[in-house]
Amino acid sequence: MSTQIHTGLLHREPPIFELSSPGRTGHALPPSEPLDDEGLPAAFLRQGAPLLPELSEVEVVRHFVRLSQWNHCIETGMYPLGSCTMKYNPKINDAMSALAGFTATHPLQEDEHLQGSLELMFQLEGLLCRVSGFHSVTLQPSAGANGEFTGLALIKKAIDVRGEGARRRKVLIPDTAHGTNPASVVLNGFEPVSIVTGPEGVLLPEAVRPHLDDELAAIMVTNPNTLGIFESHLKEIAELVHGAGGYVYMDGANFNAIMGKVRPADLGVDTMHFNLHKTFSTPHGGGGPGAGPVGCTAELAPYLPVPRVLRTNEGSYRLITELPNTIGRVHPYFGNFAILVRAFTYMLENGGAGLSRVTEMAVLNANYVRALLKDTLAVSVDVDTLHEVVFTDRDLKKETHVTTMDVAKRLLDFGFHPPTVYFPLIVPGAFMVEPTETESRVELENFVETVKAIVEEARTDPEKVTSAPHRTGVGRLDETTAARKRILRWTPAKP
Amino acid sequence: MRYLPHSPQDIQHMLQTIGVPDVEHLFRSIPRDQRTERPDDSPGLPECQLRRYLEGLAARNKNFCVSLASAGAPFHAVPKAVETIVGRSEFQTAYTPYQPEVSQGTLQAVFEFQTIVSELMGLDVSNASLYDGASAVGEALLLALRVHKGKRPVVWVSEGLHPHAKEVVRTMLHAFGDVTIQWLPLDPGTGATVLPGAVTADVAAVAVGYPNFLGVIEDIAAVSAAARSAGALSIVSVPDPANLGVLASPGALGADIAVGEGMGLAGTAGMGGPGLGLMAVRDEYVKQMPGRIVGQTVESRGGVGYVLTLATREQHIRREKATSNICSNQALVALAFTVHLSLLGPSGLRDLATLSRNRAMALRRGLLGIPGVRPLVTGPVMNEFALVFPRDAAGLRAHLADNGIFFGVPLARFCPERPEWREAILLAATETACPDDIAHTILLVKDFYREGK
Amino acid sequence: MSEYPNNLRYSRTHEWFDPETNRMGISSFAVGHLGDVVEVDLSVDEGDMVDAGDEVGTIESVKTASPIYAPISGKIVAFNEDLADAPELVNDAPYTDGWILEIEPTGSDDMSDLFDATLYSDHCASEE
């Protein structure tokens, strides 16, 4: 099959396997040798080569460069995904994480041969403690959800140590929560209990009171919540939960809205994960890797995963693996280290003052979009919001039958990635905008004007909106067929 | 600040539009008494100072000229082209491909990744990646428990998994609760996993390493057959899939689930990560798989396209009933893996695995020729092996370190109380070691013992 | 005129039951809310005894997964094997070819908990 030019510079690329032809290779290894098979039973050897493409380096590079051009990314345009925090990823961070001193280092080298990495981790833990108010931080969780698992495991351990493990199993989760929250609860052997957000979009002590008993393990709260609203009763709720013998987990996915303004530990939060790939500018990589360090109070610190990094009196660093009450390892080495380097670089470049300014500008941008759009799309809850704002298609749908999904797809035609749609679940047709601090005023205004134009178009030419996108390389994808027919890998055509 | 685009005039205009006098007003929903009392106003560092500090830190790690260790973090020679592709903004700074019309690049690359992983593993379906090889074992065990709907509360796990992977598995299963791990010992002679009799009817899965932590190639066919005869799933953990260029695929040997650590081939093994958790399963278990999966479909203009599919397994839809809590995965590392394997092709992968094996065997043979050096165990190995040295293994390693050689990992580090591991070192070689490096290393070891240092 | 067949009985959770054939499925109201069905995943086997209200499986569209409940108590005697390859039958013909299970009722008084078509229509209106 030959490659056909689809439109202008956008090349339709077949699966790489279809570009293959026998005898080509893109590697430059030392000359091949026959296998030294002494002591290798024949039954253990591979019969027949795996189906991999045979291509030169030129062809492989061209294939993937062409594929890349089908992606929207933060460096081509605004990516206002609510709760995802798609901010610019500074270049210097990448350069620092690529230093050979880090990338060529075996993780099992002796401590004295890892001093640079250990110091980096120790200092990064310190910076995260400072910005959050926590006593200790572990850097090992690979992502936000892995951080949730880890933080909840600390709580579970504390409850076990108190001898209440069999009884305290309930974890309260507001109905605005991300799906990872209840899933992480179950992975810790706890039971999620959904509680209802109040009419003003925040959690009220009344919602928690009925659950204040000796079965309560914890409450898990995102703050600000997924409506972008600060949970102003969290401090009081934390006191209630603590009074009943439970713990408070804060999902730090939206920490970028309060960084430098509020320290979660001051609110009575016992443990929280940070999303370094959201708040601290590390790239999302098309889905990962992220990093989800976890901070906790002095009470929970003895349970943190091993290894821990310790600074000795002489100023050197060493790893501690023998801790009597640790929950154990959650990562085989040190977490997504290359991501940690990026976040560390970002925090150092900003300093405490810079991080506060980042927060201020993120909140300014979200409120600017809100102010400009609030007469065009209904705001889900009419109270103050911080770093993001959730609109609803309630009125638009009633008037024009055009939905959030249609507006989202039409935005693609104008070079904007749509906001997060249909989340949080409690908002009908949610349209959740988080511009982040790295968008300029002009870009924000362009986005707003585009949304306004689409809403107007929904009135005048709804068909144009509901059949969008029109200008993307591919049209709407058939997700139903994908799920029914399940083609999950390439297979050669039958001769 | 260079990443904040607004001029003071922009900010004034925006505040006026919003209708607040200053930025502080935007935070009025936060009660005063919950605000940080003394905000951190420490200044940041300019780029030149950042560089100096971080380059200084990096320089304080020792970089060896020659590495003869794997121990779960194998170093392969990854072509520059991989880094170039992975560094492209379009891949690196994109989000999860939830809007497929503007994410076909990532989606198609993941589809190709899934194909490559299922080919290497010899199984039907792969997911889009998990965090690392260790948590992938934990996820595989949880998958097996789900398949048996909680009616089989025991898992058999080999003592021969990487010690850190065992700890991760223990953490995960202990947290999940209601499951017993029976650890399967290694035969002290061969180093292979010993099944303590027939697999019993309460066992959901049997998990072994391939090769195991001591480098021994387990008899996957026998273990899988034993598991299958009792209705349990066979889980095979591959610490370095490069070896599958030579070794039979887990699927061909009867595994139901294969997991692995792909960071070696992706080129991200430095400091142990980002890792790349691989998982492939037989088709019948696809609905129980954790993590994202990409599928091929059609688009409204008639072309072929790709989407995230079978999402009802996942936390954002199924919440507490999801197959896992995983959301972010290791997509960019998976892309690096895909590009590298595409460059290698079948012959390149075989050459790479062969060279790794041959270098390792040359090293092993040379070292075993030194009086007093003996193998820790006798089972068949691929490119990693454990040797017992006559005395002062720590001194030997330090001597080699002074000569720029990272001479394996001392087993005593993982289990100080085992006397037979006291002078044992776990060594490995990959295609990155030249024959000269091997010869030089052997010479240095010879000298060390001859001179009685 | 109700859009729900008069010969069927309906549960609060939107399953239908046909007293003539002992077949059950999900109503057009539920199908409308689910969207395109991609899989019907049953957690019961032939011969299993179920109580009314027991979860017997899950019905999935691309973006949701909903439990299916037994509308009556009884014994599972058959399931619709065509759904494995053609889950769209549930969308195309929810009351005929898109049936899901056949349940042999253990008692007859069970049926009194189910709505007739008119009451079910009111019930759906209250949930819109």
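Rules used in this analysis
- Residues numbered from 1 in each chain as written.
- Chains lettered and ligands numbered in written order.
- Predicted model: local features only at pLDDT ≥ 70, side-chain atom pairs only at ≥ 80, totals over all residues.
- Helix = DSSP H or I, 4+ residues; strand = E, 2+ residues; numbered from the N terminus.
- Rg over C-alpha atoms; globule rule 2.2 N^0.38 Å.
- Buried ≥ 20, exposed ≤ 12 C-beta atoms within 10 Å, placed from the backbone.
- Contact = placed C-beta atoms within 7 Å.
- Nonpolar A, V, L, I, M, F, W, Y, C, P; charged D, E, K, R; others polar.
- Domains from an automatic or database assignment.
- pLDDT = per-residue confidence, 0-100.
- Pairing = 2+ DSSP bridges.
- Axes fitted to C-alpha atoms, helices over the stretch in contact; angles between N-to-C directions.
- Parallel < 35°, antiparallel > 145°, perpendicular 65-115°, else oblique.
- Left-handed = near helix turned anticlockwise from the far one by under 90°.

Along its length, chain A carries 14 helices and 15 strands. Against the globule reference of 23 Å for 495 residues, chain A gives a C-alpha radius of gyration of 25 Å, in line with a compact fold. The dimensions of chain A, computed from C-alpha atoms along their principal axes, are 75 × 70 × 45 Å. In chain A, which comprises 495 residues, the share counted as buried stands at 59%. Taking contacts inside chain A between residues at least 6 apart in sequence as the whole, the part at least 24 apart equals 72%.

With 154 residues of chain B at the contact, the number on the chain A side is 166 residues. Considering every element that reaches the side of chain B that touches chain A, the biggest residue donor is helix α11 (residues 331–368) of chain B, with 22 residues. Considering only residue class, the side of chain B that touches chain A consists of 75 nonpolar, 53 polar and 26 charged.

Residue and element names in this part refer to chain A. Here the domain parsing of chain A yields domain 1 (92–349) and domain 2 (353–480). Across the boundary between the two partners, domain 1 contributes 20 residues, which contact 19 residues of domain 2. Considering only residue class, the side of domain 1 that touches domain 2 consists of 9 nonpolar, 8 polar and 3 charged.

Averaged over every residue, the pLDDT of chain C is 91; residues scoring 70 or more account for 96%. The ipTM assigned to the predicted complex is 0.98, against a pTM of 0.96.

Next up on the list: the sheet that holds strand β15 (residues 430–433) of chain A. All names here are of chain A. Read across the sheet, 4 strands follow the order β12-β13-β15-β14 without closing on themselves; strand pairing throughout is antiparallel. Pairing within the sheet leaves two strands with one partner each, and these edge strands are β12 (378–379) and β14 (420–421). Strands in contact with helix α9 (residues 337–373) are β12, β13 (389–392) and β15; relative to β13, the strand with the most contacts, it is inclined by about 25 degrees.

In a pair of packed helices, the angle between the axes and the distance between the axes together describe the arrangement. Running from amino to carboxyl end, α9(A) crosses helix α1 (residues 8–18) of chain B at an angle of 50 degrees, the nearest separation of the two axes being 9 Å. By the criterion of interaxial angle, the relationship of α9(A) to α1(B) is oblique. Here α9(A) and α1(B) pass one another in a crossing that is left-handed. Residues Leu364(A), Asn367(A), Tyr368(A), Ala371(A) and Leu372(A) of α9(A) touch α1(B), and the partners they reach there are Ile11(B), Met14(B), Thr17(B) and Ile18(B). Partitioned by chemical class, the residues of the contact of α9(A) with α1(B) number 7 nonpolar, 2 polar and no charged.

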